[in-house]
Amino acid sequence: MFIISMSRLQEMFGLIMLILIGIEILEAIKAYLVHQEIHVEVVLMVAVIAIAHKVIIIDFKGLPNYTLVGIGIIIVSLSISYYLIKKVRLEKKKAYQDITMGDN
């Protein structure tokens, strides 16, 4: 049986998160090149993944409490922002579909 140390496990998760950040950045670039507009959802997802990466690799033992509170506030605010932007886009899409269906 293999036993992985906690520091090694954090390092592996950190590398996985870096790969996810890279994929999301490529997705943002692709969306920009195809649509000639910046998709805020993709940018927010990159930020959420970057913060998650930081939380995974950070050593919490030496951090002051206000730093942890700050990280928590950032995570919550990014999540709320993503939710609200996604909700508005879905509502606009639904309203557009209702308008176009009403024309028939």
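As a reminder, the structure under discussion sits directly above these lines.
Every value quoted in this text rests on a predicted model; they were computed, and no experiment measured them. (Residues numbered from 1 in each chain as written. Predicted model: local features only at pLDDT ≥ 70, side-chain atom pairs only at ≥ 80, totals over all residues. Heavy atoms only, no water.)

K.L.:
How should I be thinking about the overall build of the protein in this particular structure?
P.N.:
A count of helical and extended segments in the protein gives 3 helices and 0 strands. Sequence-ordered secondary structure for the protein, helices as α and strands as β, is α-α-α. Summarising its shape, the C-alpha atoms of the protein cover approximately 65 × 30 × 30 Å along the three principal directions. Taken across its 104 residues, the protein has 14% of its residues classed as buried. Looking at the protein alone, contacts between residues at least 24 apart form 68% of all its contacts between residues at least 6 apart. Roughly 8,300 Å² of accessible area belongs to the protein as shown, and the carbon and sulfur atoms make up 70% of that amount. Across the protein, the centroid of the 10 positively charged side chains sits 4 Å from that of the 9 negatively charged ones. (Helix = DSSP H or I, 4+ residues; strand = E, 2+ residues; numbered from the N terminus. Buried < 20%, exposed > 50% of the residue type's maximum accessible area, 1.4 Å probe, protein only. Contact = heavy atoms within 4.5 Å. Areas by Shrake-Rupley, 256 points an atom, 1.4 Å probe, with all protein chains shown as cover. Lys, Arg positive; Asp, Glu negative; His and termini not counted. Charge placed at Lys NZ, Arg CZ, Asp CG, Glu CD.)

K.L.:
Please clarify how the pattern of salt bridges should be interpreted in this entry.
P.N.:
Two side chains carrying opposite charge are able to pair once their charged atoms lie near each other. A full pass over the atoms with the stated rule returns 3 salt bridges. One salt bridge in this structure joins Glu11 and Arg8, with 2.9 Å as the shortest N-O distance. Of this pair, Glu11 and Arg8 are both found in helix H1 (residues 6–35), 3 residues apart, which corresponds to roughly one turn of the helix. (Salt bridge = Lys/Arg side-chain N within 4 Å of Asp/Glu carboxyl O.)

K.L.:
Would you mind showing me how to read H1 here?
P.N.:
Because the α-helix completes a turn every 3.6 residues, residues three or four places apart line up on one side. Over its 30 residues, H1 runs 43 Å from end to end, which matches the ideal 44 Å to within 8%, given 1.5 Å per residue. Along H1, the residues classified as buried are Gly14, Met17, Ile21 and Ala31. Elements that come into contact with the buried residues of H1 comprise helix H2 (40–57). Positive backbone phi, approximately 55°, marks Gln36, located one or two places after H1. (Expected span 1.5 Å × (residues − 1).)

K.L.:
Would you mind showing me how to read unusual backbone geometry here?
P.N.:
Comment: phi is negative for the bulk of residues other than glycine, and the bulk of peptide bonds are trans. At Gln36, a position not held by glycine, the phi torsion is positive, near 55°. Tracing the backbone shows Gln36 in the loop between H1 and H2.

K.L.:
How should H2 be read in this particular structure?
P.N.:
Here H2 spans 26 Å end to end across 18 residues, near enough to the 26 Å set by a 1.5 Å rise per residue. Among the residues of H2, Glu41, Val42, Leu44, Val46, Ile49, Ile51 and His53 are the ones counted as buried.

K.L.:
Can you walk me through the environment of Ile3 in this structure?
P.N.:
Structurally, the position occupied by Ile3 is in the segment before H1. What makes Ile3 exposed here is its relative accessible area of 74%. C-alpha of Ile3 to C-alpha of Ser77: the two residues are 74 residues apart in sequence and 37 Å apart in space.

K.L.:
Help me understand a nonpolar patch on the surface in this model?
P.N.:
Taken together, the side chains of Ile4, Met6, Leu9, Met12, Phe13, Ile16, Ile19, Leu20 and Ile23 present a nonpolar region at the surface, about 820 Å² in accessible area. Mapped onto the secondary structure, Met6 falls in helix H1. (Patch = residues over 30% accessible without salt bridge, like charges linked within 9 Å, V, L, I, M, F, W, Y side chains within 5 Å.)

So, to be careful, I would describe these as geometric facts and stop short of saying anything about function.
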